[in-house]
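Chain by chain, the residues run as shown.
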Amino acid sequence: MRSEHATPVRPREQGTAGSATAVAHPNIALIKYWGKRDERLVLPRTDSLSMTLDIFPTTTRIRLVPGAGNDDVTFNGVPATGEAHRRIVAFLELVRERAGLAHRAVVETENTVPTGAGLASSASGFAALAVAAARAYGLDPDATALSRLARRGSGSASRSVFGGFAVWHAGTGTDADLGSYAEPVSVADIDPALVIAVVNAGPKAVSSREAMRRTVDTSPLYGSWADSSRADLAEMRTALRLGDLEAVGEIAERNAFGMHATMLAARPAVRYLSPATLTVLDLVLRLRRDGVPAYATMDAGPNVKVLCHRADADQVAEAVRHAVPDGAAYVAGPGPGARLLDEAGR
Ligand SMILES: Nc1ncnc2c1ncn2[C@@H]1O[C@H](COP(=O)(O)OP(=O)(O)OP(=O)(O)O)[C@@H](O)[C@H]1O
Ligand SMILES: C[C@@](O)(CCOP(=O)(O)OP(=O)(O)O)CC(=O)O
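Residues numbered from 1 in each chain as written. Chains lettered and ligands numbered in written order. Predicted model: local features only at pLDDT ≥ 70, side-chain atom pairs only at ≥ 80, totals over all residues. Heavy atoms only, no water.

This part takes up the packing of helix H2 (residues 82–99) against helix H4 (residues 143–153). Two elements in contact, H2 and H4, have axes separated by 9 Å at closest approach and are oriented at 145°. Facing Arg87, Phe91, Leu94, Val95 and Arg98 of H2, the residues of H4 in contact are Leu149, Ala150, Arg152 and Gly153. When the residues that make up the contact of H2 with H4 are grouped by side-chain class, the tally is five nonpolar, one polar and three charged. (Axes fitted to C-alpha atoms, helices over the stretch in contact; angles between N-to-C directions. Helix = DSSP H or I, 4+ residues; strand = E, 2+ residues; numbered from the N terminus. Contact = heavy atoms within 4.5 Å. Nonpolar A, V, L, I, M, F, W, Y, C, P; charged D, E, K, R; others polar.)

Moving on to the sheet that holds strand E14 (residues 304–309). Spatially, four strands are ordered E13-E14-E12-E15 in an open sheet, and the strand pairing comes out antiparallel. The open sheet has two edge strands, strand E13 (294–298) and strand E15 (328–332), and neither has a second partner. Taking each pair of neighbouring strands and ignoring which way they run, the sheet shows an average axis angle of 25°. Contacts from helix H10 (residues 275–289) reach strand E12 (192–198), E13 and E14, with the element oriented near 160° to E13. Sitting on the sheet, helix H11 (residues 310–323) touches E12, E14 and E15, and the angle it makes with E14 is about 145°. (Pairing = 2+ DSSP bridges.)

A separate point is helix H9 (residues 245–264). Relative to the 28 Å expected for 20 residues at 1.5 Å per residue, H9 spans 29 Å between its end C-alpha atoms, a close match to the ideal helical length. Of all 20 residues that make up H9, 14 are buried, and the element is covered over most of its length. (Expected span 1.5 Å × (residues − 1). Buried < 20%, exposed > 50% of the residue type's maximum accessible area, 1.4 Å probe, protein only.)

Neighbouring residues of ligand 2: 18 residues in total, closest Tyr33, Lys36, Ser154, Ser156 and Arg209. Tyr33 is positioned such that a nitrogen or oxygen atom in its side chain is 2.6 Å from an oxygen atom of ligand 2. Take Ser154: an N or O atom from its side chain is 2.7 Å from an oxygen atom of ligand 2. Its free accessible area being 460 Å², ligand 2 has 94% of it covered by the protein chains. Considering each element in turn, the shell around ligand 2 owes the most residues, three residues, to helix H7 (residues 208–218). Residues of the shell around ligand 2, tallied by class, amount to seven nonpolar, five polar and six charged. Each of domain 1 (3–187) and domain 2 (192–332) contributes no fewer than three residues to the shell around ligand 2. (Near = heavy atom within 4 Å. Polar contact = N/O pair within 3.5 Å; in protein donor to acceptor, adjacent residues only side chain to side chain. Areas by Shrake-Rupley, 256 points an atom, 1.4 Å probe, with all protein chains shown as cover. Domains from an automatic or database assignment.)

Everything listed is a geometric property; what it means functionally is a separate question.
Given below as structure tokens:
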């Protein structure tokens, strides 16, 4: 798995300077990123670890327009507005500063994952934008620098630069910006799947950014979750190295429940879990009781991701569809890192 997915295509290998198209996939954290120590640099308080998916790609195209006064951003076919527009323009400003090039750009981005639903659209979105913008503005970052750059758009995007499993180092000390990047993790052959149980594809009321800020600032439980998350990460790395899917699942599940506990204790509380979420969590327990190793993780939204063996994934997905008839279930395996596309879209 590692050699297949580890390294993103280097920007200079495809595309032409001034325009580029890139694709990136969402990633789901098994050890969560929840809480920043620096908002501007997007530096996290703890390390995190994720699996990049092989479904739900984001495709982002960028073209520089010398002489234009503004960036023109289209998001899923309509002009971007508000916070989504502001975040993309702020990211382009950073790239322009690094490139020493003032040209504005036309950006078109398409998500195939629901946006803002706790399904990691910001991860695939900013990983794709980082790869495309770096190329268009003539930067030539290696994979580590690309991960650092994507991080500035959205923290979780640092991990979508890589395929398969990736760990994002929080980084420490005065060199914090340089030290905070993701890299691939060695994993024994566990043939994992994540069944994505979509119980509500609508956008969340409180963004991940705002929710984690509120949690760090007001939740009395935050410090103890951060401490236990550091221990969870060490155990997770061992479980992945040994190929012990049951241990991976148990650690991921407790890490996610702990994260949600910190939010519930924030003031005011942030609650993303809905009745349908609990229906899926009950199902996961029933599956385990029936001898199917299945473990839940949830992000900043009501949707559940069920970790299981690939061989059990279709059965798990069918059980989700039965338990939540209004919902949907998608089977994802480990997917590729962010990469440039050529003009034919390949
Ligand atoms: N393709 C994209 N290009 C640029 N920005 C994007 C893209 N998709 C999403 N975003 C940004 O990410 C925001 C949603 O991120 P948010 O973290 O709140 O929710 P999410 O989709 O659940 O992602 P995550 O699981 O990472 O929290 C959008 O409002 C937008 O600002
Ligand atoms: C719950 C999470 O999905 C939070 C993701 O948060 P974001 O990466 O979206 O936050 P920003 O850095 O503010 O853009 C957990 C995770 O992906 O690790």
